[in-house]
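Here is what each chain is made of, one letter per residue.
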Amino acid sequence: GDSTMATNALQRLVSLYADSGEFVFDALVLLGDLEIRNGNNRQAERYYAQAYSDFAFHPRASDAQLKLGDTRLAIGKSDNSTEKLLAAEEAFGTVMENEDLDMNVRAEAMFKMGESRFLRRDYIGACDYYRQVYNGFPGALTWARKSFDQSIACYRKLGDASSESKLKGRKDAWERKFDAN
């Protein structure tokens with residue numbers, strides 16, 4: 001239906017105006033979004049990767065990179081693919097390194113780097129990323145909270161009740177400070 005027509009129109013736009021700039025970037029990201037909605041993660045991955053590689057200096061290139069990481073994380077999780085989880089972590093790392101971005105975007109990217117490690121059962125590595133979120137971006141409330149919770153889950157998986165208990169105390173103090181309930 002409409003999704004197929006939109007996809008065809010956007011694909012035609014991309015092929016006709018490949019080097020034309022901003023609207024081609026937007027078309028590629030929209031194509032990726034349509035493919036996600038249709039359950040075609042691998043095709044979405046290709047569109048997001050093309051948007052980022054062809055327009056790396058676009059003001060919203062990090063949006064494509066974040067979506068690329070999300071897509072690779074989903075593929076890695078569904079296919080149990082270490083390669084895709086590593087590629088997701090790399091995509092998120094590129095976003096994280098961009099100091100011009102809003103702290104919430106950078107905190108989200110760092111959190112998702114932790115998720116990549118968590119899914120690979122590297123709980124120590126995941127905790128390190130999560131710790132960088134709640135220590136480095138404590139004002140990014142959503143991502144700091146999720147990072148505390150996931151770190152606690154890591155310590156539980158590792159059987160480290162002492163670290164789990166200490167971190168719960170730190171989370172309580174953080175919630176009091178930031179009124180993040």
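The present account deals with the structure reproduced in this document. (Residues numbered from 1 in each chain as written. Predicted model: local features only at pLDDT ≥ 70, side-chain atom pairs only at ≥ 80, totals over all residues. Heavy atoms only, no water.)

**Details of the pattern of salt bridges**
In step 1: Inspection of the entire model under this criterion finds 16 salt bridges.
In step 2: Across the pair K112 and D70 runs a salt bridge, and its minimum N-O distance is 2.7 Å. Of this pair, K112 sits in helix 6 (residues 103-119) while D70 sits in helix 4 (residues 61-79), placing them 42 residues apart in sequence.
In step 3: Take K112: its relative accessible area is 12%, and that puts it in the buried class.
In step 4: Judged by relative accessible area, D70 falls into the partly exposed class, the value being 29%.
In step 5: R117 serves as the salt-bridge partner of D122, at 3.2 Å between the closest nitrogen and oxygen.
In step 6: Accessibility expressed as a relative area gives 27% for D122, which makes it partly exposed.
In step 7: Through salt bridges with shared partners, one network takes in E89, R117, R120 and D122. (Salt bridge = Lys/Arg side-chain N within 4 Å of Asp/Glu carboxyl O. Helix = DSSP H or I, 4+ residues; strand = E, 2+ residues; numbered from the N terminus. Buried < 20%, exposed > 50% of the residue type's maximum accessible area, 1.4 Å probe, protein only.)

**Here's the deal with unusual backbone geometry**
In step 1: The phi dihedral of N80 is positive, around 50°, even though this residue is not glycine.
In step 2: By secondary structure assignment, the location of N80 is in the loop between helix 4 and helix 5 (82-96).
In step 3: Backbone geometry at R121 places phi at a positive 65°, although glycine is not the residue there.
In step 4: Checked against the element boundaries, R121 lands in the loop between helix 6 and helix 7 (123-136).

**Some thoughts on the nonpolar core**
In step 1: Counting residues in each nonpolar core, the largest one holds 32 residues, and the members touching the most others are F92, F118 and C154.
In step 2: Elements with a minimum of two residues in this core: helix 4, helix 5, helix 6, helix 7, helix 8 (141-158) and helix 9 (161-178).
In step 3: Excluding anything up to four places from it in sequence, F92 contacts L66, G69, D70, L73, A109, K112 and M113.
In step 4: Ranked by size, the runner-up nonpolar core spans 12 residues in total, among them F25, L28, A51 and L68. (Core = buried A, V, L, I, M, F, W, Y, C linked by side-chain atoms within 4.5 Å. Contact = heavy atoms within 4.5 Å.)

**Examining the packing of aromatic side chains**
In step 1: Within the structure shown, the criterion is met by 7 aromatic pairs.
In step 2: Between F25 and F55 the ring centres are 6.2 Å apart and the planes differ by 80°, which places this aromatic pair in the edge-to-face class. Taken together, the residues F25 in helix 2 (residues 22-37) and F55 in the loop between helix 3 (41-54) and helix 4 connect sequence positions 30 residues apart.
In step 3: When its relative accessible area of 13% is taken as the criterion, F55 is described as buried.
In step 4: Centroid distance F111 to W143: 5.4 Å. Interplanar angle 45°. Geometry classified as tilted. (Phe/Tyr/Trp six-rings, centres within 6.5 Å; stacked < 30°, edge-to-face > 60°.)

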